[in-house]
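Fold and contact review
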Amino acid sequence: MKDFLSIADLSREEILELIEMAIDLKKKRKTGKESELLKNKSLAMIFEKSSTRTRVSFEVGMTDFGGHALYLNPKDIQIGRGETVEDTARTLSRYVHGIIARVYSHETVAKLAEYATVPVINALSDIEHPCQIIADFMTIVEYKGKLEGLKFAWIGDGNNVCQSAMLGCALVGMEFSAACPDGFKPDEAFVEKARELGGKITITDKPEEAAKDADVIYTDVWVSMGDEAEKEKRFKVFEGYQVNDELLALAKPDVIVEHCLPAHRGEEISAEVMDGPHSVVFDEAENRLHAHKAIILKLMA
Ligand code: CP
Ligand code: NVA
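Presented here is a report on the structure given in the accompanying data block. Counting restarts for each chain: residues are numbered from 1 in the order of the written sequence. Each chain gets a letter, beginning with A, and each ligand a number, beginning with 1, in the order they are written. The predicted origin of the model limits local features to residues at a pLDDT of at least 70 and limits the giving and counting of side-chain atom pairs to 80 or more, whereas totals for whole chains, interfaces and linings rest on all residues. Note: side-chain values were computed over all heavy atoms of the structure, leaving out hydrogens and water.

**Description of a negative patch on the surface**
Like-charged residues within 9 Å of one another, or nonpolar side chains (Val, Leu, Ile, Met, Phe, Trp, Tyr) within 5 Å, are grouped into patches, provided each residue has over 30% relative accessible area and no salt bridge. Surface accessibility in these figures is a Shrake-Rupley result with a 1.4 Å probe; residues are shielded only by whichever protein chains are displayed. Any Lys or Arg side-chain nitrogen located within 4 Å of an Asp or Glu carboxyl oxygen qualifies as a salt bridge. Positive charge is attributed to Lys and Arg, negative charge to Asp and Glu, and no charge count is given to His or to the chain ends. Where a charge lies is defined by one atom per residue type: Lys uses NZ, Arg uses CZ, Asp uses CG and Glu uses CD. A contiguous patch of negative charge on the surface is contributed by Glu-208, Glu-209, Asp-245, Glu-246 and Glu-272. Sorting the residues of the negative patch by element identifies α8 (207-211) and α10 (245-248) as the ones contributing at least two each. Strands are runs of DSSP state E lasting at least 2 residues, helices are runs of H or I lasting at least 4, and numbering of each runs from the N terminus. As for its placement among the helices and strands, Glu-246 is situated in helix α10. Given a relative accessible area of 66%, Glu-246 falls into the exposed group. Between buried and exposed lies partly exposed: a residue is buried under 20% and exposed over 50% of the maximum accessible area for its type, with that area taken using a 1.4 Å probe on protein chains only.

Encoded structure:
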């Protein structure tokens, strides 16, 4: 495996291996027993969109391993003045040992991967956010001790994170139930793919149905990066899709609540739930670091 563009680039065994590596790296970081596993290696990070967690965790991860990360704003590099993605990929491959890219169009990261001779990692595109899922599943393992057999409920927008989560659930044997309004359900091709992978997938428009007996409830913003023009329409459509105490009451008593963050309290999630006892969102955010370290180690070491 050269690149990591979709969660479905991984097998069930590879997802579990990354989670195990990440849990081990987390322990090592806390006990100061890390080694410089990527010493003198460099990672180029292209971000067409904003990022706090992804950018900082990959950069700190490279530092932890004795390597170096370069943040590349497309406005500052020649890609912003029309140099092709292909030539950028070819050029960067002569300098660095890996590239991560957060892009508007998934085609951009796919093209980078096609033309780069070094590993390319999808740091979020319009259709997937695979790195996020490794950290999310790692957090579930920490709290529940397993993945297989659990019920994972997605509430809200059937977006990039949702699509990766659905494929990931299918791969690891978690039941996936998404409640999304019409017009905002995950792409049918992704649903089909998840079912082909053996996933037990339910797509409904009723949050109560998805949340019923769930072990994990997950939500994300109603307005993703790139969807800003639809903001007003989305706020109307997603009314009733908030993760709040009422919805949580339908889930298992020990349900955990995940959110990839950034969150908007009072919109997709109530402040009570976001800051309440079921929320594991900051463990999840921390685990981005350990998960990303496992990913770069697997692809770049
Ligand atoms: N969840 C996530 O990818 O966060 P950032 O946008 O801050 O990287
Ligand atoms: N769905 C969100 C996730 C942000 C991490 C977005 O694409 O903006």
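The structure having been displayed, the exposition proceeds.
**Regarding the sheet that holds strand β4 (residues 120-122)**
By the convention used here, strands pair only if DSSP detects at least 2 bridges between them. Reading across from one edge, β2-β1-β3-β4 is the order of the four strands in this open sheet, with parallel pairing throughout. Single-partner strands in this sheet number two, and they are β2 (68-72) and β4. Direction aside, the axes of adjacent strands within the sheet are offset by 20° on average. When strand β1 (residues 42-47) meets strand β3 (residues 98-102), the two strands line up parallel, connected through five bridges. Each bridged residue has a counterpart across the sheet, and for Leu-43 the counterpart in β3 is Gly-98. To get an axis, fit a line to the C-alpha atoms, keeping to the stretch in contact for a helix; angles then go from 0 to 180 degrees between the N-to-C directions.

**Remarks on the pairing of strand β5 (residues 151-155)**
For β5, the buried fraction is high: five of the five residues fall into the buried class. Side chains Lys-151, Ala-153 and Ile-155 of β5 all project onto a buried face; the interleaved residues Phe-152 and Trp-154 project onto the opposite face, where all are buried too. Here five bridges tie β5 to strand β6 (residues 175-179), and the two strands are oriented parallel to one another. When the bridges of β6 are listed, Trp-154 appears paired with Ala-178. Handedness of the β-α-β unit built from β5, helix α6 (residues 160-172) and β6 comes out right-handed. Of the pairings in the sheet, the one linking β5 to strand β8 (residues 216-219) comprises four bridges and is parallel in character. Note that in β8 the partner of Trp-154 across the bridge is Tyr-218. Crossover handedness is defined by viewing with both strands directed away from the observer: a clockwise path from the first strand over the helix to the second marks the crossover as right-handed.

**Points about the environment of Phe-4**
Assignment of secondary structure puts Phe-4 in the segment before α1 (12-30). Since its relative accessible area comes to 1%, Phe-4 is described here as buried. Measuring from C-alpha to C-alpha, the distance between Phe-4 and Asn-122 comes to 6.2 Å, with 118 residues separating the pair along the chain. Apart from the residues within four sequence positions on either side, Phe-4 is in contact with Asp-9, Leu-10, Val-120, Ile-121, Asn-122, Pro-130, Cys-131, Ile-134, Ile-295 and Leu-299. Residue contacts are counted whenever heavy atoms from the two residues lie within 4.5 Å of one another.

**Focus on the sheet that holds β6**
With respect to topology, five strands assemble into an open sheet ordered β7-β6-β5-β8-β9, the strand pairing being parallel. On the outer flanks of this sheet lie β7 (201-204) and β9 (256-259), each paired with one strand and no other. The mean inter-strand angle of the sheet, taken between neighbouring strand axes irrespective of direction, is 20°. Across the face of the sheet, helix α5 (residues 130-144) comes into contact with β5, β8 and β9 while running at roughly 165° to β9.

**Re the site of ligand 2**
Neighbouring residues are identified by heavy atoms, a residue being near a molecule or strand if any of them is within 4 Å of it. Around ligand 2 sit Leu-124, Asn-159, Asn-160, Asp-220, Val-221, Ser-224, Met-225 and Leu-261, and those are all the residues in its vicinity. In this structure, Asn-159 approaches ligand 2 through a side-chain N or O atom, which is 3.3 Å from a nitrogen atom. Side-chain atoms alone can form a polar contact between residues adjacent in sequence; in general such a contact is a pair of N or O atoms within 3.5 Å, and within protein one must be able to donate a hydrogen while the other accepts it. Between Asn-160 and ligand 2, the recorded distance is 2.8 Å, taken from a side-chain N or O atom to an oxygen atom. Coverage of ligand 2 by the protein amounts to 94% of the 270 Å² it exposes when considered alone. Residue polarity follows a fixed list, in which Ala, Val, Leu, Ile, Met, Phe, Trp, Tyr, Cys and Pro are nonpolar, Asp, Glu, Lys and Arg are charged, and the others, Gly among them, are polar. Looking at the shell around ligand 2, its residues break down into four nonpolar, three polar and one charged.

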